[in-house]
Amino acid sequence: MIRVILPAHLRTLGGVAGEVKLETGATTVGTLLDALEDRYPVLQGAIREHVTQQRRPYVRYFACEKDLSHEPPDTPLPSAVVSGAEPFLIVGAIAGG
Amino acid sequence: MNKVRVLVGTKKGAFILSSDGKRERWDVSGPHFAGWEIYHLKGSPVDPNRLYASQSSGWFGQQIQRSKDGGQTWEPAGNKFVYDGVPGTHQWYDGTPHPWEFKRVWHLEPSLSDAETVYAGVEDAALFRSTDGAQTWEELPGLRGHGSGPHWQPGAGGMCLHTVILDPSDPKRMYIAISAAGAFRTDDAGETWRPINHGLHSQHIPDPDAEVGHCVHHVAMHPSRPGVLFMQKHWDVMRSDNAGDLWREVSGNLPTDFGFVIDVHAHEPETVYVVPIKSDSEHFPPDGKLRVYRSRTGGNEWEALTRGLPQKDCYVNVLRDAMAVDSLDQCGVYFGTTGGQVYASADAGDNWAAIVHDLPAVLSVEVQTLP
């Protein structure tokens, strides 16, 4: 089970209360996001661009006190995220307003 | 008695203002989609309880929401807007080529005959259509394929397709407007388009009379006379009596002919409303006085409407999609400001009062007249 923490606006959009708990075999950033979007289709296009699957510019990925935003999609998730000990955080960048 | 529902899009959510036909007491619902930019929301003329809303965010992109109960509840619809083919380039502000990139939906225009069909005007400029209640979207590529696309350029707000007008007398005719490309018309339901900018004169482009490149801010039409169009351009208020084939200036005695909104009285096709704004660098009313100007002669002769509007120290703006009229016997006129006020007049503009004072900056105002 992988834990994902969404920013408030995406929790509202997805109708999610608290953490998302995904029963998934995902082991990379890309496959984790695939699993998240499969569970919550409304998030498609909100985290990654529809066609390119590129991370949206004002979205960041953190885990285990590391910034994974700029890592390629096939980057392995930290073992503590895969085990559920630590959450994977999707964060809206600090950009005012 | 009739009811009126005012749909307000703001920088931080949507609000729905409701009243009976007297339009004296208002119920305020919202914010819906709190914290998101709601560029526009509009109801279907076929099924007034079917609403469509454009919800966007610089962080999380575009969402489309729809309601089947007049805005009491909402459900997310499709948000995949993909340009047809290779998008190509348009001009950037400095004239260099810039790739076409989808940013947001500026305007949603529900079909006049089918509640499941809705058009979306987007930035970077293109027109999309859904025929399944906004679940899936397809571009009408003939517009960008017209050939002039590489010469279109963004206005200060981006290169947005902000106006979509459906001709009630001819289902194959539509008008759209783009800032800063100009106005376009299709006579074959969107297959092919042609620019309709003859008569426009714009100093910000190398050839002021060019076929495209004009910063059209908004266009309005009265449904009883679909060939007559009124335009608020970046500068100049214009009129066409032949479906856009030729425009003539009708700014007349306006204190400034810069502005964003323009609309037409529901029952008097020669009565037109604008809100003059000082200039393109000073986006507020001249002299700190918020004045709606009304022409009862289809332009040229304008009267200031001031009763109930602030006449000192007012420095708000009124954005292009933020004025609308109802169709009650005594036509109501509504507009919203960047200061968060929505003003209403129940007597065609003679007297005004704020329905709400303190919303987030208003991006759009639409009105539904309900049985």
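Reading the values: rules and limits
- Residues numbered from 1 in each chain as written.
- Chains lettered and ligands numbered in written order.
- Predicted model: local features only at pLDDT ≥ 70, side-chain atom pairs only at ≥ 80, totals over all residues.
- Helix = DSSP H or I, 4+ residues; strand = E, 2+ residues; numbered from the N terminus.
- Rg over C-alpha atoms; globule rule 2.2 N^0.38 Å.
- Buried ≥ 20, exposed ≤ 12 C-beta atoms within 10 Å, placed from the backbone.
- Contact = placed C-beta atoms within 7 Å.
- Pairing = 2+ DSSP bridges.
- Nonpolar A, V, L, I, M, F, W, Y, C, P; charged D, E, K, R; others polar.
- Axes fitted to C-alpha atoms, helices over the stretch in contact; angles between N-to-C directions.

(A) Here's a closer look at the overall build of chain A. From N to C terminus, chain A includes three helices and five strands. From first element to last, N terminus to C terminus, chain A shows the α and β order β-α-β-α-β-β-α-β. For 97 residues, the compact-globule formula gives about 13 Å, and the C-alpha radius of gyration of chain A, at 12 Å, lands near that figure. Projecting the C-alpha coordinates of chain A onto the three principal axes gives extents of approximately 35 × 25 × 25 Å. In chain A, buried positions account for 24% of the 97 residues. Of the contacts formed within chain A by residues at least 6 apart in sequence, a portion of 55% connects residues at least 24 apart.

(B) Inspection of the sheet that holds strand β7 (residues 75-76) of chain B at higher detail. Residue and element names in this part refer to chain B. What the four strands build is an open sheet, ordered β4-β5-β6-β7; its pairing is antiparallel. In this open sheet, the two strands that pair with only one neighbour each are β4 (37-43) and β7. In the sheet, strand β5 (residues 51-57) pairs with strand β6 (residues 61-67) via seven bridges, with the strands oriented antiparallel. Bridging from a neighbouring strand, Ala53 pairs with Gln65 of β6.

(C) Looking closely at the interface of chain A and chain B. Contact with chain A, which involves 14 residues of that partner, is made by 13 residues of chain B. For the side of chain A that touches chain B, the residue count by class is nine nonpolar, four polar and one charged.

(D) Main features of the pairing of strand β10 (residues 104-110) of chain B. Residues and elements named next belong to chain B. Burial analysis of β10 places seven of its seven residues in the buried class, which makes it a mostly covered element. As judged from the six bridges shared by β10 and strand β11 (residues 118-123), these two strands associate in the antiparallel manner. Within β11, the residue paired with Arg104 across the bridge is Glu123.

(E) Seen up close, the sheet that holds strand β28 (residues 342-345) of chain B. Residues and elements named next belong to chain B. One open sheet accounts for four strands, arranged β26-β27-β28-β29; its pairing is antiparallel. Every interior strand has two partners, whereas the edge strands, β26 (323-325) and β29 (353-356), have only one. Pairs of neighbouring strands in the sheet enclose a mean axial angle of 25 degrees, with direction left out of account. In terms of strand pairing, β26 meets strand β27 (residues 333-336) through three bridges, oriented antiparallel. Bridge pairing in β27 links Val325 to Val333.

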